[in-house]
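# A structural walkthrough
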Amino acid sequence: MKLFKQKTFHLLAVAAILILALSSAEACTGIMFTLFPKIGVSDNQYAFQARTMEFGPDVTGWRLISVPRGYPYTSCRQNICGDGIEGIKWTSRFHYVGMSPARPGMPLIDEVTDGINERGLACGGFYHMGYEEYKKNPSSGRTIANTDFVSWVLSNFATVKELREALFLRKVEVAQFTVPSCAKAGTCPQLHFAVTDESGASVVIEFKGGEPVVFDSIGVITNNPTYDWHTTNLNNYIGLQALSRETGIFYNRTYTKLGNGTGAIGLPGDFTPPSRFVRAMYFLTTSMPLDAKPDEGVARAFRILNQFDIPVGSIVAPSPTGQGMIQDSTMWTSLSDTKRRRYYFHTQTNRTVRVLELDKLPKNSLSYMELPAHDVIIDVSKKFTPMSN
């Protein structure tokens, strides 16, 4: 059988994750939504999960990988789950595609941080530093590293219900990814996860005391603090609305608006996780009609997430390694169409939205595609068509 004749570079995957571990970037924003475009028609439901990724180019690069059915996994390679802890081994039940870390000259890595599988299950990891409590003393032989979680979900489950049951039954124990270089700096990555399936079921998964905590998604995810804190914080913003207020009265005097948009006064505009959570919920609520057609929903989702693009240089922080500075920026934005089994994306340097259809991708081998090269500005000066003299 020639399915996996090429080397899989399991051990070298650690190098890629280590690059991620040395970042303090915590600015990813995700939305999850369901559309019902044809009232009264059966099979009328389209569920989506979309997100931004904010690792600056000084942290890591990215490529797309396609992982086939039957692909063999081994977690906890090179003691990343703790000394002497053997990871669980499994074989992928489902084909999936997703984003994988990459560096020039680095071998192909078989792990993803975001993607969708052939059954329409989408999963993505979001930084959650300081708020995750993974298994401290995991069981050898049934443990995965938190950085393997997205790959484990996409390769094993078709629905959110199946995943819930597996977590309830403690099919695996999730351990903190740890290697000396990031442990010393206190930057070993911690993640919480968003998962959505074709039915529209959507959850956010966090870990406390080593055990999974599963929240029903309300349609948005960012980063710190915990998910229930974010949902409670929305109570502070119930006055936000799309409809502009025409006038206001202060001490018996009437004031009129200076322009449209007064209903959104108070909408936080900074890049902190709580502010992005509120802002994403506002845009999802006001800009995504439930009866939008699927393609319109895709376009609107990218338009919404464009509001969360972080320009290079607008967030700068000392590197956790103690050497120099790092800059957050939005490297790519993706969307999983769970019904039509499509994965859409654009990048910081190429704003054209591209789409991958899972049934058109290679089925018999681990494969990859580099992200499109820089193509920000295109000269269309010669595209004009003369009408007459």
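Our focus in this paragraph is the layout of surface pockets. In this structure, the second largest pocket occupies an estimated 190 Å³ of space. Going through the elements one at a time, strand S15 (247-250) and strand S16 (253-256) are the ones with two or more residues in the lining of the second largest pocket. Looking at the lining of the second largest pocket, the element that brings in the most residues is S15, giving 3 residues. Residue composition of the lining of the second largest pocket, by class: 4 nonpolar, 4 polar and 3 charged.

Looking now at the sheet that holds strand S14 (residues 220-221). On the basis of which strands lie adjacent, the open sheet formed by 6 strands has the order S14-S1-S2-S19-S20-S21 and antiparallel pairing. The open sheet has two edge strands with one neighbour each: S14 and strand S21 (350-357). In this structure, strand S1 (residues 30-35) lies alongside strand S2 (residues 46-53), joined through 6 bridges in antiparallel fashion. Note that in S2 the partner of Phe33 across the bridge is Phe48.

The topology assignment puts His192 in strand S11 (residues 191-196). Here Glu206 takes part through its side chain, which lies 2.9 Å from a polar atom of the side chain of His192. Looking at His192, its side chain comes within polar contact range of the main-chain oxygen of Thr222, at 3.0 Å. Residue contacts for His192: discarding those within four places in its chain leaves Gly124, Gly125, Phe126, Tyr127, His128, Glu132, Val204, Ile205, Glu206, Ile221, Thr222 and Asn223.

Attention now goes to the pattern of salt bridges. When their charged atoms lie close together, side chains carrying opposite charge are able to pair. Counted under the stated rule, the structure contains 17 salt bridges. Put simply, Arg63 and Glu370 hold a salt bridge, and the shortest N to O gap is 3.1 Å. With Arg63 in strand S3 (residues 61-67) and Glu370 in strand S22 (residues 367-370), the pair connects residues that are 307 residues apart, well separated along the chain. Ionic pairing is found between Glu173 and Arg142, a salt bridge with its closest N-O pair at 2.7 Å. Of the two residues, Glu173 sits in strand S10 (residues 173-175) while Arg142 sits in the loop between strand S8 (122-127) and strand S9 (143-145), which places them 31 residues apart along the sequence. Arg142 gets classed as partly exposed once you look at its relative accessible area, which sits at 28%. It is possible to trace a salt-bridge network through shared partners that takes in Arg77, Asp110 and Glu111.

The subject of this paragraph is the state of the cysteines. Here, the word disulfide means a covalent bond between the sulfur atoms of two cysteines. Under the criterion given, the structure shown has 2 disulfides. Note on cysteine connectivity: Cys76 is disulfide-linked to Cys81, with sulfurs 2.1 Å apart. An S-S torsion of about -75° defines the bridge between Cys76 and Cys81 as left-handed. Judged by its relative accessible area of 6%, Cys76 is buried. A relative accessible area of 7% means that Cys81 is categorised as buried. Paired through a disulfide, Cys182 and Cys188 show a sulfur-sulfur distance of 2.0 Å. On the S-S bond that ties Cys182 to Cys188, the torsion sits near 85°, and the link is right-handed. With relative accessibility at 0%, the residue Cys182 sits in the buried group. Overall, Cys188 belongs to the buried group, its relative accessible area being 10%. The cystine pairing of the chain, numbering bonded cysteines in sequence order, is 1-2, 3-4.

Scoring rules and cut-offs
- Residues numbered from 1 in each chain as written.
- Predicted model: local features only at pLDDT ≥ 70, side-chain atom pairs only at ≥ 80, totals over all residues.
- Heavy atoms only, no water.
- 1 Å grid on protein atoms, 1.4 Å probe; cavity = no way out; pocket = protein on both sides within 12 Å on 5 of 7 lines; lining within 4 Å.
- Points joined across faces, edges and corners; volume = space filled by probe spheres on them.
- Helix = DSSP H or I, 4+ residues; strand = E, 2+ residues; numbered from the N terminus.
- Nonpolar A, V, L, I, M, F, W, Y, C, P; charged D, E, K, R; others polar.
- Pairing = 2+ DSSP bridges.
- Polar contact = N/O pair within 3.5 Å; in protein donor to acceptor, adjacent residues only side chain to side chain.
- Contact = heavy atoms within 4.5 Å.
- Salt bridge = Lys/Arg side-chain N within 4 Å of Asp/Glu carboxyl O.
- Buried < 20%, exposed > 50% of the residue type's maximum accessible area, 1.4 Å probe, protein only.
- Disulfide = S-S within 2.5 Å.

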